[in-house]
Each structure stands twice: as C-alpha cells, then as structure tokens.
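Notes for the structure review
What follows is the residue order along each chain.
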Amino acid sequence: MRRILRDLKILILANLWLVPVLAGLVGALFYFVAPPPPMHARLATGAEGGGYHAFAERLRAELAEQGFELELVPSQGSRDNLAKLGAGEVELALVQSGQELTLDAEARARLLGLGVMYREPLWLFTGRKVKFERLSDLLRLRLAIGAEDSGTQAVTAALFAANRITPADYPKGWQSLGGSRAADALVEGRLDAAFFVGPAENPLVQRLAAEPRVRLVSLRRTEAYLARLPYLSRLQVGEGMLDMANNSPDRDIVTLGPVATLVAGEDFHPSLTPLILEAAREVLKDGSLLDPAGSYPQRPPRSLETLAEAEYYYDKGLPILQRYLPFRIASLADRYIILAIPLVILLFPLFKAIGPIYQWRIRARIYRWYKHLREIDQQLYSGKLNGDIDAEIARLEKLEDELAKVEVPLSYSSELYELHMHLRYMIERLRAYQRRAGATAVE
C-alpha cells in the first residue's frame, strides 16, 4: 500500500503542470458562456377584469412554480400593448390578431410571435325584438361598437369596412362603448345591439347569455369575411353552449373572431420561450367551451415572425434537458454543454499526452545524472582529465548517496539501478586511472 501511495504521489507531482492548464480552460468556459436568462419578465395584459388579464393571472401562477416572476402590466388594450412593446416598457404582450397589421413594416419587424393562446369570439347581442340578418341592418339601430381603440372596435371596424361602411358612414346612434357599460345599456334598453369580444367563459358574456331580455345572433357570410380578413377564424357555437339553463343561444350559430396572440419585443430573452409556452400549455390543457382540450398554444399568425425557439417547441416539444430538470438548472446545463464540447475536444489530446510526458518527467529525474558521467567519460577517453581525482571521486560518491534518496515508480526502478551501477563503474574507472597515474609518476 505504501508503495502504491508513493507511486501515486509521484504521478501527481509529475503532472502538476495540468493544474494551470485546466484552470485556464475552465476559466475560459465560464468567461465565454452566455449569461443565464433572467427569471423575470413584464407582460402587458389589457384592462383588469378582462379576458387577457384573467389568462395572465393564471399564467403568472403557473410560472411562479418554476421560480419565474411574471409582472402583469395593465393597459388599455391590444394597441396599447403594442405601444408598450415598441417602447420597451414590457417584454411580452397579449395582442389581438390583426392589430399588428396596423403597424408599419419596420415596427412589425421588431415583434416576434410566441404563439396563439386561444380564440376570441366576436359576440353580437341584440334586444329580443330586434330583427337582424346582415351587418347593414345595424345602420338603423342604436349600436355599441366597442370602446375607443379597443380590440372589439378594431374587429367591428374591419367587418364594416368589408361591407363598405366606413367610420364616416357610422350613424349617430352608434357609440364607442364596450364592456360592462355597453352591457348595462343593452339590458336596460338604451341600446338595441352591442358587440363584445372575449372567451365564452368571460363573466360579461356569461351574464348576457343568461339575460332573458337579450339574445345572441349569428353572423352570416362568414366565408366571405374570412377571405378578406384572414386573421379571423370561424367559430360554431352550438345551441345552449353558453348557458344550458336558459338555452343560450337558442339555436346553432356561427360567428367570427380573432385569436389572442402572445407577442415578444426585442428585449425578450429567447431562451425563456419553452418555459413560457409550456406554462401556457398547462394553463390551457383543459380547453374551454369552444376550444378542445390540449389544442393551444399554437403557432402565431403568419403576419408575425416566429421565434426559432418557438418553432422548435411546436415541432419537437421541450428541449431534452428541460423535460427532466427544472428550467433554471436545464438552462445553465445547456449553455455549459455547448462550450464543454470544444473543451473536451481540447482535453482529449492533452490527456493523451499525459503518458509520454509523465514518462519523460520520470526519466528526466534519472537521466540528468548522466550529464556529469558523460563529461568524465569524455575526459578519460581523450586523456584530458584534470584536477583533483580524489575530489571528483568524492563528488561521485556524494551523487551516489543523493541518488539513493530519489523516488521513482516501481516500473522505473531498473533504470534507477542501472544509474547506480554506472556511477559505481565510473568511480572504479577514476580509481584505476588514479592508480595508473601514480605508478607512472613513481617510475
């Protein structure tokens, strides 16, 4: 055991040069690796109490379980959310599809789509006695078209424009009104009809569905609208889907609607994409009244450039490490693995050289003693040995004593013993030379 420990000690001491080399390579790994993604982001959500804000609350709670902090920033709606993204006030925003088309090409190029979260149906509620067939029938009614700059008003404006009804043609009975104010006015009879945008589970939609004084009507010519407004989608709402007790709607209807899209700005860290999308999938896994379970999130609209990380997620799911490790650990490991590969490539020839270098270092301990023996041998051969031979013999004997203290691994002992024999051989040669020189002097 003592011999093994001694050989191990020699091996370590002979390869101490590896310590600064490895320290330099590891230092370079930590220096060049990209910093970890931030565990905080801001999300523009729309007005508190709205559908976007309700979804964002659930998303925030889900992300908190991963140690990620999602800060919710209330806003006035999709357009305000886009403005906040452009100004760098938030990294993420929920935006109604089609709103990005209102931006110029340069501003839109700075936005990146993460995915569609869910569909947002457009609901048209009217009084019970109101007759409705086409959108042009609304020109003679008192109508709420959605609050100013709201997503509801953006959708209704697009539908009216498809019918060549521009804002200049809007009658005085139309009001820029939305939300609970429009619902109250409709129920109280101060409005004949009102548009709303939001999920079927939205409390406001549910309230109107249960209200006996109003009814939900169907939009016709949906295919014609979709051909002109491709960012909208067609939704079929079955009889009683919103409220079975009140049988609302009282027949199968068809409507249109945009989709709620999660959009990222330039300051968003792309590595957070799978974390955000997986949290959204968990929130939406049970589906809704109109969306089947597990159907969202989906790829964002074509009008937005999709993040490469989002494309990977939709094609292959979570990155491999994130399937088994918490996001923070997986993210760090992923970054270090990328740089560790070239490090391993560098270390392979380095460790391969350990054997030859170790052999050279051990033999150097032995062979350095031969330098003096070689000098004496050359002087003896040429007959030029000068100086005090006794002092030279004493020096070699001293070297022989020092050599006895030299430690080498057991496998190199034969070379050490050969050096001992060569030292003794040189001492005997010097003594023989001394005797011949003394004999010659006597004659």
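The coordinates are above.
About the criteria used
Residues numbered from 1 in each chain as written. Predicted model: local features only at pLDDT ≥ 70, side-chain atom pairs only at ≥ 80, totals over all residues. Heavy atoms only, no water. Pairing = 2+ DSSP bridges. Helix = DSSP H or I, 4+ residues; strand = E, 2+ residues; numbered from the N terminus. Contact = heavy atoms within 4.5 Å. Axes fitted to C-alpha atoms, helices over the stretch in contact; angles between N-to-C directions. Buried < 20%, exposed > 50% of the residue type's maximum accessible area, 1.4 Å probe, protein only. Arc of directions from axis to C-beta. Polar contact = N/O pair within 3.5 Å; in protein donor to acceptor, adjacent residues only side chain to side chain.

Section: the sheet that holds strand β8 (residues 193-197)
Here we have 5 strands laid out as an open sheet, ordered β7-β6-β8-β5-β9, and mixed in their pairing. Two strands close off the open sheet at either side, each with one partner strand: β7 (174-175) and β9 (214-216). Note: strand β6 (residues 143-144) against β7, 2 bridges, orientation parallel. Note that in β7 the partner of Ala-144 across the bridge is Gln-175. Against the sheet, helix α6 (residues 151-162) touches β5 (122-127), β6, β7 and β8, its axis set at about 115 degrees to β8.

Notes on helix α11 (residues 308-316)
Residues of α11 that are buried: Ala-310, Tyr-313 and Tyr-314. Axial view of α11: buried residues confined to an arc of 90 degrees, hence all on one face. Relative to its buried face, α11 has exposed residues pointing more than 90 degrees away, namely Ala-308, Asp-315 and Lys-316. Its buried side turned inward, α11 meets β4 (112-119), α10 (273-283) and β13 (305-306).

Overview of the side chain of Ser-75
Along the polypeptide, Ser-75 turns up in the loop between β2 (69-74) and α4 (78-87). A distance of 3.4 Å separates the side chain of Ser-75 from the backbone nitrogen of Gly-77, its partner in a polar contact.

Some thoughts on unusual backbone geometry
In this structure, the amide linkage connecting Ser-248 to the following residue, Pro-249, adopts the cis form with an omega of -5 degrees. Within the secondary structure, Pro-249 is located in the loop between β10 (233-237) and β11 (253-257). Positive phi outside glycine occurs at Arg-164, with the angle close to 60 degrees. Mapping Arg-164 onto the fold places it in the loop between α6 and β7. Phi is positive for Arg-221, close to 60 degrees, though the residue is something other than glycine. Structurally, Arg-221 is set in the loop between β9 and α9 (222-228). Classification of Arg-221 as partly exposed rests on a relative accessible area of 40%.

Treat this as a map of the structure, not an account of what it does.
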